[in-house]
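Residue strings, one per chain:
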Amino acid sequence: MSLPILSNSRQPSASPLRPASTRTFDNPIAPVDGVHPVLHEGRVAVITGAGSGIGRAAAVELAKIGMKLAIADVNEAGLQQTAKEVAAIIGEPNVIAVPTDVSKFESVAEFRDKIYDKWGEVAVLMNNAGIGPRGSSWDGLDNWHKVFDVNVFGVVNVQQAFVPSLLAQENPAMIINTGSKQGITNPPGNAAYNASKAAVKSLTEGLAHELRNIPHANVTAHLFIPGWTFTGMTGGGGIAEKPAGAWTAQETVLYMLDKVREGQFYVLVPDNETRPQVDQLRVMWAAGDVAEGRPALSRWHKDYKALFEEYMRDALAQME
Ligand SMILES: NC(=O)c1ccc[n+]([C@@H]2O[C@H](COP(=O)([O-])OP(=O)(O)OC[C@H]3O[C@@H](n4cnc5c(N)ncnc54)[C@H](O)[C@@H]3O)[C@@H](O)[C@H]2O)c1
């Protein structure tokens, strides 16, 4: 199985605040002779929340490149369905499906032990399980606990269970944590989910920094930030058809895999409604609230709406 040949250094793109830099950054886990050492046939991919949506699509796409799959979910029916789909691609002996609750460390540790007992290594560790029940700032306390238990402690549990083993193994590995644009630009509507995904951004940045400062460590971390993707989570209200603005889970996963292959840390994924330049500017505006002392979430503040719209219009015109 051969993968596209990629350079092992990348040039950061221009931002609305400065021109493109000539400085390059190295991809610490770069392809060798066109073959990526992590996203590679015969190696092991671990995916949580693989019983549906993005997790299932990731399992299928990684099986297509010949990876063995260790998949986990609390939803046993969904998990078994993914296991069936993946086994049809890669063969049953190359699939481990373990009902797992990522919010419980013991459950995650059992999952890890099964993988290392059978295969002795992990190449891709994808922290994807997530939930989004609503919790506003002074309502829905139970949901706040549930969301943080899964979206934040689920990731922390997996990191605590697997990272020591990843560091001890000889083969390189990558950790892909699933964040959200809602954890960066913080749109009003679900404070609990937004706060949990802001925590995932923060803890993944910390992880990447810690990993790159370990001499000779060959484990990288990546923050996967899906765009609007049609899945169980977003189509859960019984919508049978993908809305035009959303991407399919497969589109989102393929985009993400291309970027992590290139060594990108922030994988900000577009969709049919939001192109990359728009995301870039929204992120800049959110950071500008802090840097320029505007009110919180000024993008949605009645006195700043016109200014935000003008900023988007002018900056997009300049970028085109
Ligand atoms: N769909 C989108 O537009 C979108 C956008 C941004 C981020 N995300 C993130 O992508 C990830 C995948 O979401 P999706 O859209 O595919 O949703 P989904 O509901 O289709 O899939 C999430 C999966 O996680 C599983 N899960 C929930 N709690 C779990 C637990 N305690 N232990 C193990 N598994 C558990 C669910 O059973 C489900 O199978 C989530 O982290 C979500 O926050 C999705």
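Conventions and cut-offs
All residue numbers refer to position in the chain's written sequence, counted from 1. Restriction of local features to residues with pLDDT of at least 70 applies here, the model being predicted, together with a cutoff of 80 or more for giving and counting side-chain atom pairs; totals for whole chains, interfaces and linings are based on all residues. Should the C-beta atom of a residue, placed from the backbone, lie within 6 Å of a molecule or strand, that residue is near it. The secondary structure listing takes helices from DSSP runs of H or I that are at least 4 residues long and strands from runs of E that are at least 2 residues long, numbered from the N terminus. Under the scheme applied here, ten amino acids are nonpolar (Ala, Val, Leu, Ile, Met, Phe, Trp, Tyr, Cys and Pro), four are charged (Asp, Glu, Lys and Arg), and all others, including Gly, are polar. Residues enter a nonpolar core if they are buried, belong to Ala, Val, Leu, Ile, Met, Phe, Trp, Tyr or Cys, and are joined to the set through C-beta atoms within 7 Å. Exposure criterion: with C-beta atoms placed from backbone coordinates, a residue whose C-beta has 20 or more other C-beta atoms within 10 Å is buried, one with 12 or fewer is exposed, and one in between is partly exposed. Any residue pair is listed as a contact if its two C-beta atoms, each placed from the backbone, are within 7 Å. Domain start and end points were adopted from an automatic or database domain assignment.

K.L.:
What is the right way to read the site of the ligand from this model?
P.N.:
Around the ligand, the surrounding shell holds 31 residues, and the nearest of these are G49, G53, G130, G232 and M233. For the shell around the ligand, the secondary-structure elements that each account for two or more residues are α1 (53-64), β4 (68-73) and α4 (141-168). If you tally residues by element for the shell around the ligand, the top one is α1, at 3 residues. Partitioning the shell around the ligand into residue classes produces 10 nonpolar, 19 polar and 2 charged.

K.L.:
Quick question: what am I supposed to make of the nonpolar core here?
P.N.:
Soluble globular proteins: nonpolar side chains tend toward being buried together. Counting 66 residues, the largest nonpolar core has A45, V46, A59, L69, I71, V124 and L125 as the members making the most contacts within it. In terms of residues, this core owes the most to one element, α4, which gives 8 residues. Dropping the residues within four chain positions of it, V46 is found in contact with A70, I115, V122, V124, L125 and M126.

K.L.:
Just checking my understanding: could you explain unusual backbone geometry for this structure?
P.N.:
With the exception of glycine, the majority of residues adopt a negative phi angle, and the majority of peptide bonds are in the trans configuration. Of note, N186 is a non-glycine position whose phi angle comes to about 60 degrees, a positive value. In this fold, N186 is placed in the loop between β7 (173-178) and α5 (191-212). On the basis of neighbour count, N186 is assigned to the partly exposed category, with 19 C-beta atoms found within 10 Å. If you check the backbone angles, L297 has positive phi at about 50 degrees while not being a glycine. Using a count of 14 C-beta atoms within 10 Å as the deciding quantity, one classes L297 as partly exposed.

K.L.:
Hey, could you run me through the domain arrangement of the protein in this one?
P.N.:
Interfaces are often sized by the accessible area lost when the parts come together. What the domain assignment reports for the protein is domain 1 (24-273) and domain 2 (275-320). Computed over C-alpha atoms only, the centres of domain 1 and domain 2 are separated by 29 Å. With 7 residues of domain 1 at the interface, the matching set in domain 2 holds 8 residues. Within the side of domain 1 that touches domain 2, the residues separate by chemical class into 4 nonpolar, 2 polar and 1 charged.

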